[in-house]
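Structural characterization, general
Here is how the chains run, residue by residue.
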Amino acid sequence: MPKKIMLLGSGELGKEFVIAAKRLGQHVIAVDNYDNAPAQQVADEREVIDMLDGTALDRIVAEHRPDIIVPEIEAIRTERLYAYEERGIRVVPSARAVNFTMNRKAIRDLAAQELGLRTARYRYASSLDELRRAIDEIGLPCVVKPLMSSSGKGQSTVKSSGEIEKAWRYSQSGKRGDSTEVIVEGFVDFHTEITLLTVTQQNGPTLFCSPIGHRQERGDYQESWQPCPILDEQLREAQDMAEKVTRALGGAGIWGVEFFVADDGLYFSELSPRPHDTGMVTLAGTQNLTEFDLHARAVLELPVPEIALLRAGASAVILADSEGNAPVFTGIDTAMLQPGTDIRLFGKPSTRPYRRMGVALVSGQPDTDTAELRKQATSAAAKITVTSS
Ligand SMILES: Nc1ncnc2c1ncn2[C@@H]1O[C@H](COP(=O)(O)OP(=O)(O)OP(=O)(O)O)[C@@H](O)[C@H]1O
Ligand SMILES: NCC(=O)N[C@@H]1O[C@H](COP(=O)([O-])[O-])[C@@H](O)[C@H]1O
Ligand SMILES: [Mg+2]
C-alpha cells in the first residue's frame, strides 16, 4: 500500500524528493503558498495555502489524512505539527526537530548551551538599542540575522558601527513572522564551509555523507562541491556534533548540518532537518543515493545499508536577475555541450532578483580536482540567462 505523503513546501528540493518518493511508488500531495510550484508539477495532488495559517493546515491535514508529513521549508505553523504527530501522523524527521530549527534561538541555545557544541559567540537583541549593546559585547565584525529567516534573508555582516542601523532595518525587512528579535554572531573567519549530510534512521545507525564544501553570497549558496576534504580529526568531530544534535532533536530523515572550518578549529553553525540546497550536488551522481533518495528511504523506514561516494562533483546555481513571469532560458544548449555537464531547471513560474531557477551539475572520476569541477559548473551556469516577461 503506498503511503500518503504531504509535502509542506514545494520548491526545487521538494521536487527532487517527490521524484524519489514516486520512484518508490508513493502518493504525494505537494503544498505551497503559490500554484504550480516545482514539486507540485511532479506530485499526485496539490494544495495552495498559507502554511503559516494553522487553521488552513488543519483543514488540509483533515481532508487528505496523510500518513507522513514532510516539511520542506521553514515558514510553516510548526506548533501544529505536534498535534498531528500525537494523532499518529509521522512528521519528518520529528515535530520537535522542525519546530526547533525554524527559530535560530531554539536551535542555538540547544546546540551551544545544552549540548556544549562550539559555535560563534552570540547574543540576541529585540531593538536597535539592544542590538548596539549586543554588538558592544560581541565586537566587530559580526553577523546579524533575524531569528526567523532562511537563505540569508534579512542577514548582514556589520563591519563598522556606522552600519548597525542599516543591519537592523534590513533584518526587520527580511524577517519572517512577528518577532523583531535578531541574533548577533561574532564573525567566524573560516577558510572552508561544509555541509555534513547526516541520515538518521528509525531502525539503523546514523550515517554520514562525505562533506560538501560550499560558497555563499548574500547568505545564499552559489556553488557546492563534494568531496570537500577536511582533517580526519575534524571530520570525526563534525560527525560527533551532528550525531549529538540530530539525536537531541529526534526522528528519521536527512539533515544538512552546517559547519565552519577555521584555523582555530570547527564551529557548528546551524542545521536543516531536511535535504539541503548545497546537497543538490548529489544530483550529479556523486553518491550511490542522492540526498533525496536518502530522505525518501529514511522517511519510509526503508534501510540504508551504506552511503558510498562514487564520483567527485560540483554544482553552481542559475539565478534570475529581475522580477517577472514565464521565465525563458537561453544558452542551455551551449552549457550542455560541455562534456559531463547536466542542467536542472526547477520550473518556477516567476522570477525575482537572485531567485534560484536552476542548477548546473558536473561530475568526474572520484580523484578529479574539485577546483576544476567547480570551474566547469560555474562556467556552465554562466552560459545560461533567464529572461521573463
Ligand atoms: N557567524 C558567521 N560568521 C561568518 N559567516 C557567517 C556567519 N553566520 C553566517 N555566515 C555566512 O552566511 C551564510 C548563511 O548563514 P546561515 O546559514 O546562518 O543562514 P540561513 O539564512 O539559515 O541560510 P540557509 O537557509 O540557506 O542555510 C553561511 O553559510 C555563512 O557563509
Ligand atoms: N536554503 C533553503 C532552500 O534552498 N530552500 C529551497 O528553496 C525553495 C524556495 O525557493 P523560492 O524562494 O525561490 O520560492 C524551497 O521550497 C526549497 O526547495
Ligand atoms: Mg545555512
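Conventions and cut-offs
- Residues numbered from 1 in each chain as written.
- Chains lettered and ligands numbered in written order.
- Predicted model: local features only at pLDDT ≥ 70, side-chain atom pairs only at ≥ 80, totals over all residues.
- UniProt positions renumbered as here; feature names shortened; annotations may be inferred.
- Near = placed C-beta within 6 Å.
- Helix = DSSP H or I, 4+ residues; strand = E, 2+ residues; numbered from the N terminus.
- Nonpolar A, V, L, I, M, F, W, Y, C, P; charged D, E, K, R; others polar.
- Domains from an automatic or database assignment.
- Pairing = 2+ DSSP bridges.
- Contact = placed C-beta atoms within 7 Å.

Under an unreviewed UniProt entry, the name given to the protein is Formate-dependent phosphoribosylglycinamide formyltransferase, and the organism recorded is Prosthecochloris ethylica. As its UniProt record puts it under Function (unreviewed entry), the protein is described as follows: "Involved in the de novo purine biosynthesis. Catalyzes the transfer of formate to 5-phospho-ribosyl-glycinamide (GAR), producing 5-phospho-ribosyl-N-formylglycinamide (FGAR). Formate is provided by PurU via hydrolysis of 10-formyl-tetrahydrofolate."

Section: the site of ligand 1
The local shell around ligand 1 holds 18 residues, among which Ser150, Glu185, Val188, Gln216 and Gly219 are the closest. Every element with two or more residues in the shell around ligand 1 is listed here: β7 (142-146) and β15 (265-272). Residue composition of the shell around ligand 1, by class: four nonpolar, eight polar and six charged. Of the residues that make up the shell around ligand 1, three or more belong to each of domain 2 (121-186) and domain 3 (190-387).

Re the sheet that holds strand β3 (residues 45-48)
If you walk across this open sheet you meet the five strands as β3-β2-β1-β4-β5, and the pairing is parallel. Strands with a single pairing partner mark the edges of an open sheet, and in this sheet they are β3 and β5 (90-91). Of the strand pairs in this sheet, strand β1 (residues 4-8) and strand β2 (residues 27-32) are connected by five bridges, and their pairing is parallel. In the strand pairing of β2, Met6 is matched with Ile29.

Here we look at the UniProt feature "binding site: N(1)-(5-phospho-beta-D-ribosyl)glycinamide" (unreviewed entry) in the protein
UniProt records the feature "binding site: N(1)-(5-phospho-beta-D-ribosyl)glycinamide" (unreviewed entry) at Glu12, Leu13, Glu72, Asp277, Lys348, Arg355 and Arg356, using the numbering of this structure. In contact with Glu12, other than residues within four places in its own chain, are Pro38, Phe346 and Arg356. In this structure, Lys348 sits in the loop between β19 (341-345) and β20 (350-351). Beyond its immediate chain neighbours, meaning those up to four positions away, Lys348 contacts Pro38, Arg355 and Met357.

Thoughts on the site of ligand 2
Looking at ligand 2, there are 13 residues lining it, with Gly9, Gly11, Leu13, Ser151 and Asp277 nearest. Sort the elements by how many residues they give to the shell around ligand 2 and helix α1 (residues 12-23) lands first, with three residues. In terms of residue class, the shell around ligand 2 is built from two nonpolar, five polar and six charged. Shared between two domains, the shell around ligand 2 takes at least three residues from each, and those domains are domain 1 (4-91) and domain 3 (190-387).

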